[in-house]
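What follows is each chain in one-letter form.
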Amino acid sequence: MATIKDIALAAGVSQATVSRVLNHDPNISVSVETKIKIFDIAEELEYVKKKTNVQSIRLNIGYVDNFSKLALLDDPYYLHLINALEKYCALQNINLFKLINIDGTYFSSVDIKIDGIIAFGKFAKEDIIRLDSITENIVFIDSKPNEEKYDCVLTNTYLGAMQAMNYLYNLGHRKIAYMVDCYSAENSMYPDLDERQEAYQVFMKKHNIYNPNYIYSGEHFSYSEGCRVTQDMLKNTSDLPTAIFIANDSMAIGVLATLMNEGFKVPKDISIIGFNDLASTRHIKPALTTIHIPIDSMIESALEILEKNTTNKSEFPQKTYISTKLIERQSCGKPGTIKKKVPIQKN
């Protein structure tokens, strides 16, 4: 496993800078580009090259996302997906180009026929129509906009949530909270309930321990929202949970930092479990227990579908679910007796 020293040497910055960036220190004064570079290198050093058959005919693949640099920095999950795509294409001798949306029209960085498109995240209907005008060979990662027409590769988030809940329950936790972003929460702008929250609710109701007051939602997945929502929880919840399952690692790191700043001990007072297994989760203290998403497998599956469709597109679109795995580190333990902290009054 890569160390903070390894990352610092590769990035050309100090170990202290790497540590502060990976811990989402809001007071560090380095550029957005430097932060992204550090996240990139942290994930890259964890990447294991696989021996694969190089394409005899070079494919021209475009990729597209709807995220700004700041959004990718707030939650580097999609940044790592894009990096994995770039590495895999380089190893497979595939040409890869970014598609850019300018005033409602998608442009490729080169004037060349695109064989297929990898689309990361959710897209509006009108954007999907525009992408379809470039090629019908589109694979969506982490969304399923039209299952009758498009292939998609998805994380089995329901399985991952059940793995997290079973783990906490077997440790002895019964007062388990769930934290998510507003897009995935029950009163979401999207019609279907997020599968992680569905699994959480099914599990808690099955064991007769469901408490709707233990569901917390932020505006989006980020370190800062994890901090804000945790502050609200501490202020407004009289009976605190003994464990929190957070649907995203960036948010979980914010929860962890806030609890520790408020005098709670993790995991002695409250256990924390995240979701994604970002590279940064290995380098914080305590290291974050989380649900691992095999990013490389998602990219490989998406490209295999695209390649197959270039020669023989199936009449029936494929939906591929990638399984998850619990990664046990140091942020979870058996439940303790929690006493709500009283803020220290300063004269």
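Everything that follows concerns the structure shown earlier in this document.
Note on numbering: residues in each chain are counted from 1, in written sequence order. Residue-level local features of this predicted model are given only where pLDDT is at least 70; pairs of side-chain atoms are given and counted only at 80 or more, and the full residue set underlies all totals for whole chains, interfaces and linings. For the side-chain quantities, the full set of heavy atoms in the structure was used; hydrogens and water were omitted.

A. Highlighting the environment of L306. Structurally, L306 is set in helix α11 (residues 295–312). Residues L306 and I138, spaced 168 residues apart in sequence, show a C-alpha to C-alpha distance of 7.2 Å. With sequence-adjacent residues up to four places away left out, L306 is seen in contact with I61, G116, I117, I118, N137, I138 and V139. Runs of H or I in DSSP of at least four residues are treated as helices and runs of E of at least two as strands, each being numbered from the N terminus. The contact criterion used throughout is that any non-hydrogen atoms of two residues lie within 4.5 Å.

B. Region of interest: the packing of aromatic side chains. Note on ring pairs: Phe, Tyr and Trp rings are taken, using the six-membered ring of Trp, and paired if centres are within 6.5 Å. Classes follow the plane angle, with under 30 degrees stacked, over 60 edge-to-face and the rest tilted. All chains considered together, the criterion is met by nine aromatic pairs. With a centroid separation of 4.9 Å and an interplanar angle of 65°, the aromatic rings of Y77 and Y78 are classed as edge-to-face. The burial state of Y77 is the same as that of Y78; both residues are buried. Where F140 meets Y150, the ring centres are 5.4 Å apart and the plane angle is 70°; that geometry is what we call edge-to-face. Placement of F140 in strand β5 (residues 138–141) and of Y150 in the loop between β5 and β6 (151–155) is noted, with a sequence separation of 10 residues between them. Grouping residues by exposure puts F140 and Y150 together as buried. A connected cluster of aromatic rings, assembled from ring pairs, spans Y178, Y200, F245 and F275. The cationic tip of R174 hangs over the ring face of Y169; the distance from NZ or CZ to the ring centre is 3.6 Å. For every residue, the accessible area obtained with a 1.4 Å probe (protein chains only) is divided by the maximum for its type, and the residue is called buried under 20%, exposed over 50%, and partly exposed between those limits. Lysine and arginine charges are scored as sitting over a ring when NZ or CZ, respectively, is within 6 Å of the ring centre and within 35 degrees of the ring normal.

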